[in-house]
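# Breakdown of the fold
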Amino acid sequence: MSEPGIHILMVDDNPSALRLMSAMLARQGYGIVMALSGKEAFEAVLRQDFALILMDVMMSEKNGFETAEKIRAHAMKSHIPIIFVTGIEKDLAWEFKGYEAGAVDFIYKPVNPMILQSKVRVFADLYNREKKLKDVNRNLQETLDALQQESEVRRRMEEDLQRVEEQYKCLRDTSKDLECQLRQAQKMEAVGTLAGGIAHDFNNILAAIMGYIELIMFDVPETGSIRHSLDQVLKASHRAKKLVGHILSFSRRNSHEKKPVYIQHILKESIELLRASIPSTVAIRQDICPPVKCIKADSTQIHQIIMNLCTNACHAMDGDNGTVTITLEPVSLGELKHQAMMGLAPGDYLKLGVSDTGRGMEPHVLNRVFEPYFTTKPIGEGTGMGLAVVHGIVKAHGGTIEVVSEMGKGSTFSLYFPVVNMDAEMSGEACASIPQGSERVLLVDDEEALTDIGAKMLRRLGYRVEAETKSLDAYEKFRNDPSSFDLVVTDMTMPDLTGLQLARKIRMIAPDIPIVLCTGYHKDINMSIIKGFGIDHLMFKPLKISELAGVIRRLLDEKPPEKRCSHG
């Protein structure tokens, strides 16, 4: 029996001859494919591989010589051995022509079965040996390729190991600095978390103070020493409110909302604070342009920048006599030097400058001045984060910052902010009457002092107020009689039900009722999520009666009259 996978192609235009030869090889186990013409034979050769072709010479359509030449001319099939089967008497010239066409042997008709079987077996064995040899060569090549790949991998691993060793040396040399930076970052994070918690508690205290002051002012004449004193206390409270904003900014719990602002107003407030905090030996000189152009910015962060730069300028003078100069002027990009280095787009900018007459900075210090944790101050006097934060804030506002310094002559920081063509928020408050009403309001806050002051404020404005310090009680009161309320004002952070959870449950009962959410402590509040809970307006503590009254009146006026409470 032959090994499986050996196929023999028999070609003859006489079907009887094909059947006869096939019968002679029937017990040998070969796969026999028969073709009745040279065309069929060539098509069969293209479809599969054969160990041997047995081909008749004299065929009607195309003789065996022509078919053999065509097969030999095919690059992928020229290796297949061809034995011509012929009934022509043995002739040397004829055989030579056959060998020239590509034959490897001849078998003469009538075909002797033993001769046929013997010659086919020889080529079948040869086919098997060649196949095994190819398998061995392939395996050897694969082994060789694997060895080459392994050698290449080993070489790369050695190179990687060398690089790792070099990196390890560098890391080992700098590990002490990295550990110090990590400890400092952890301290800053802990301080930020603590600051946020303090700000939350302080906001609640401040809300009660401001609320009661505003209540007292309802009963005090607009002129007189008492009214003046209350005005001053309220102004101080507003400054405390802004201080809480700074703390929240430091702890990263504010959203850094950018609005059109005039830097001049922020500079005025900052300079007033500086005069009270810097040594009397340091003079402050100002050269500030009028508030004509504004920028889109977070006023708290701009205030942080100014205070940081000016404080650094004062420290640079080491308590000696000196001058801090603060300038603000409009500039056009065409007037700026080194435009490409600054990376600013063409347009108008406000240039804020802070200069000092201190000792200046050496070049190696100047090159690292904006790196986090880099500081030249003694241990305990600086974190090295101030100017890095300033740099980050300026970049976040679409601007840039430059610094020029010379030893013995001081330093100058120049900040460029893009101008926007929008109306800025003006400092100060317009004198306007506080809107009033008579609708029913449900007020919810777990701080008893805040619910008390809030209820008193709203009642002074004519509203009928139900105040609750427990969110579950407030929900039950609303669920029992939802038609008794026109609007809900709720705190965000409360036990049992948070303000958002309470709002969602109330919305399930009364989808159209306006809801105001108040908070003094938040982490990057997402307004789209807030809206998804059914909140119509978000307010930040401490609340001002005029702002709260305005929001309540607006939301109630937007509510259709037929959906407002009509009972007394």
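Residues numbered from 1 in each chain as written. Predicted model: local features only at pLDDT ≥ 70, side-chain atom pairs only at ≥ 80, totals over all residues. Heavy atoms only, no water.

### Re empty space enclosed by the protein
All chains considered together, the criterion is met by one cavity of 30 Å³ or more. Each pocket or cavity is described by its volume, and for the largest cavity that value is around 220 Å³. Ranked by residues supplied to the lining of the largest cavity, first place goes to helix α12 (residues 448-460) with five residues. Looking at the lining of the largest cavity residue by residue, the class counts come to 11 nonpolar, three polar and three charged. (1 Å grid on protein atoms, 1.4 Å probe; cavity = no way out; pocket = protein on both sides within 12 Å on 5 of 7 lines; lining within 4 Å. Points joined across faces, edges and corners; volume = space filled by probe spheres on them. Helix = DSSP H or I, 4+ residues; strand = E, 2+ residues; numbered from the N terminus. Nonpolar A, V, L, I, M, F, W, Y, C, P; charged D, E, K, R; others polar.)

### Side note on the pairing of strand β1 (residues 7-11)
Judged by how many residues are buried, β1 sits mostly within the fold: four of five residues are covered. Alignment of β1 against strand β2 (residues 31-35), held across five bridges, turns out to be parallel. Following the sheet pairing, Val-11 is matched in β2 by Ala-35. Taking the sense of rotation as the criterion, the β-α-β connection linking β1, helix α1 (residues 15-24) and β2 turns out right-handed. One ladder, built from four bridges, connects β1 with strand β3 (residues 52-56); its direction is parallel. Counted as the bridge partner of Met-10 is Leu-54 from β3. (Buried < 20%, exposed > 50% of the residue type's maximum accessible area, 1.4 Å probe, protein only. Pairing = 2+ DSSP bridges. Right-handed = clockwise from strand over helix to strand, strands pointing away.)

### Here we look at the sheet that holds strand β13 (residues 440-444)
Strand order in the open sheet formed by five strands is β14-β13-β15-β16-β17, with parallel pairing between adjacent strands. The open sheet is flanked by β14 (464-468) and β17 (537-540), the only strands paired with a single partner. Put simply, the sheet's adjacent strands are angled 20° from each other on average, direction ignored. Of the pairings in the sheet, the one linking strand β16 (residues 515-519) to β17 comprises four bridges and is parallel in character. If you follow Val-516 over to β17, its bridge partner there is His-537. (Axes fitted to C-alpha atoms, helices over the stretch in contact; angles between N-to-C directions.)

### A word on the sheet that holds strand β5 (residues 105-108)
Through backbone hydrogen bonds, the strands of a sheet pair up, either in parallel or in antiparallel fashion. One open sheet holds the five strands; their spatial order is β2-β1-β3-β4-β5, and the pairing between them is parallel. This sheet does not close on itself; its edge strands, each paired only once, are β2 and β5. Strand-to-strand, the axes of this sheet are offset by a mean angle of 20°, without reference to chain direction. Bridge analysis of strand β4 (residues 82-86) against β5 gives four bridges, and the strand direction is parallel. Following the sheet pairing, Phe-84 is matched in β5 by Phe-106.

### Here we look at the pattern of salt bridges
For the coordinates displayed, the defined rule picks out 22 salt bridges. With a closest N to O distance of 2.3 Å, Arg-155 and Glu-152 form a salt bridge. Here Arg-155 pairs with Glu-152, and both are found in helix α5 (residues 113-218), just three residues apart, close to one helical turn. By relative accessible area, which is 37% here, Arg-155 ends up partly exposed. Among the ionic pairs, Glu-558 bridges to Arg-554, the shortest N-O distance being 3.4 Å. Of this pair, Glu-558 and Arg-554 both sit in helix α16 (residues 545-558), four residues apart, which is roughly one turn of the helix. By relative accessible area, Arg-554 is classed as partly exposed at 36%. Taken together, the salt bridges that share partners define one network made up of Glu-152, Arg-155, Arg-156 and Glu-159. (Salt bridge = Lys/Arg side-chain N within 4 Å of Asp/Glu carboxyl O.)

### Quick look at the confidence of the model for the protein
Do not read the fine detail of predicted coordinates wherever pLDDT is low. Looking at the protein, the pLDDT average stands at 80 and 77% of residues meet or exceed 70. Taken element by element, the predicted model of the protein shows its lowest mean pLDDT in helix α9 (residues 339-342) (52) and its highest in β13 (95). Taken as a whole, residues 379-384 scores under 50 in pLDDT and shows 10 contacts with residues more than four places along the chain or in a different chain. Low pLDDT, under 50, characterises residues 426-431; the stretch is placed with five contacts to residues that sit more than four places away or in other chains. (pLDDT = per-residue confidence, 0-100. Contact = heavy atoms within 4.5 Å.)

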